[in-house]
Amino acid sequence: MGTPEQYENWMRVAASDARLAIATGDVPVAAILLDGEGRPIAAGRNEREKYDDPTAHAEIVAIRAAAAVTGDWRLSDTTLIVTLEPCAMCAGAIVNARIPRVVFGAWDEKAGAAGSVNDLLRDRRMNHRVEVIAGVEADVCSALLREFFEARR
């Protein structure tokens, strides 16, 4: 498990990476998977518009990359850093990948599944529960999303 300072540092890295998604018209969300020692093993950003793939959320892209790197779908000794609260699809993937910890920045009051609209990551009915650390660098992550959507209006 990392420290609050490490999570803040990695969240700033993820927020910087999220900006790259804007070039392809994607919502600026990025994720980084850290191993048990706190080293990055995979990253992803939203690529739905880039690949016309509704499943290409940052978390899914990062989880697929981490499974390829580790050679295992069980990511049981990792921490997922993501700039936006995971949606239901991503929460399901996190649970199925056995990721023990999720650290996110901005809350998603419309589709969040880690405590705002739903809380699938900590649902006792699921076969795996996830530690959730919310609101890390929330101002930075929220501002990035707000700027993106204001420019589209």
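It should be emphasised that the depicted structure is a prediction, and the values quoted were computed from it without experimental measurement. (Residues numbered from 1 in each chain as written. Predicted model: local features only at pLDDT ≥ 70, side-chain atom pairs only at ≥ 80, totals over all residues. Heavy atoms only, no water.)

Looking at the overall build of the protein chain
Applicable threshold: The helix and strand labels rest on DSSP assignments: H or I over at least four residues marks a helix, E over at least two residues marks a strand, and numbering proceeds from the N terminus. Radius of gyration: C-alpha atoms only; globule rule: 2.2 Å multiplied by the number of residues to the exponent 0.38. Throughout this description, buried means an accessible area under 20% of the type-specific maximum (1.4 Å probe, protein chains only), exposed means over 50%, and partly exposed covers the range between.
Within the protein chain, the secondary structure is distributed over 5 helices and 5 strands. Its helices and strands taken in sequence order, the protein chain reads α-β-β-α-α-β-α-β-β-α from the N to the C terminus. The C-alpha atoms of the protein chain give a radius of gyration of 14 Å, which matches the 15 Å a tight globule of 153 residues would have. Taking the principal axes of its C-alpha atoms as reference, the protein chain extends roughly 40 × 30 × 30 Å. Looking at the 153 residues of the protein chain, the share that counts as buried comes to 45%.

Quick word on the layout of surface pockets
Our working definition: Points on a 1 Å grid, built from protein atoms alone, make a cavity when a 1.4 Å probe fits but cannot get out and make a pocket when they are open with protein on both sides within 12 Å along at least 5 of 7 lines; residues with an atom within 4 Å of a point are the lining residues. Grid points are joined across faces, edges and corners, and a volume is the space filled by probe spheres set on the points. Lys, Arg, Asp and Glu make up the charged group, whereas Ala, Val, Leu, Ile, Met, Phe, Trp, Tyr, Cys and Pro make up the nonpolar group; the residues left over, Gly among them, are polar.
Of the volumes computed, that of the largest pocket is approximately 530 Å³. The wall of the largest pocket is formed by 24 residues, among which Val27, Leu84, Asp108, Leu145 and Phe149 lie closest to the centre. When contributions to the lining of the largest pocket are tallied by element, the ones reaching two or more residues are strand S3 (79-84) and helix H5 (138-152). Of the residues in the lining of the largest pocket, the class split is 12 nonpolar, 3 polar and 9 charged.

Regarding the environment of Thr78
Convention followed: In this description, contact between two residues means that some pair of their heavy atoms is separated by no more than 4.5 Å. Polar contacts here mean pairs of N or O atoms no more than 3.5 Å apart (in protein, one a potential hydrogen donor and the other a potential acceptor; neighbouring residues in sequence count only if both atoms are side-chain atoms).
Looking at the secondary structure, you find Thr78 in the loop between helix H3 (58-70) and S3. With a relative accessible area of 5%, Thr78 lands in the buried category. Expressed as a C-alpha distance, the spacing of Thr78 and Ile99, which sit 21 residues apart in the sequence, is 5.9 Å. The contacts of Thr78, once residues within four sequence positions are left out, are Leu33, Leu34, Ile41, Ile99, Pro100 and Arg101. Separated by 2.7 Å, the side chain of Thr78 and the backbone oxygen of Leu75 make a polar contact.

Focus on the side chain of Asn46
Here Asn46 shows up in the loop between strand S2 (40-45) and helix H2 (48-51). From its side chain, Asn46 meets the backbone nitrogen of Ala58 in a polar contact 2.9 Å long. Beyond its immediate stretch of four places on either side in the chain, Asn46 contacts Ala21, Asp26, Val27, Val29, Ala56, His57 and Ala58.

A word on the pattern of salt bridges
As a reminder of what qualifies: Here, a salt bridge means any Lys or Arg side-chain nitrogen found within 4 Å of an Asp or Glu carboxyl oxygen.
A full pass over the atoms with the stated rule returns 7 salt bridges. Among the ionic pairs, Asp72 bridges to Arg74, the shortest N-O distance being 3.7 Å. For Asp72, a relative accessible area of 31% corresponds to the partly exposed category. Note on Arg74: relative accessible area 44%, which makes it partly exposed.

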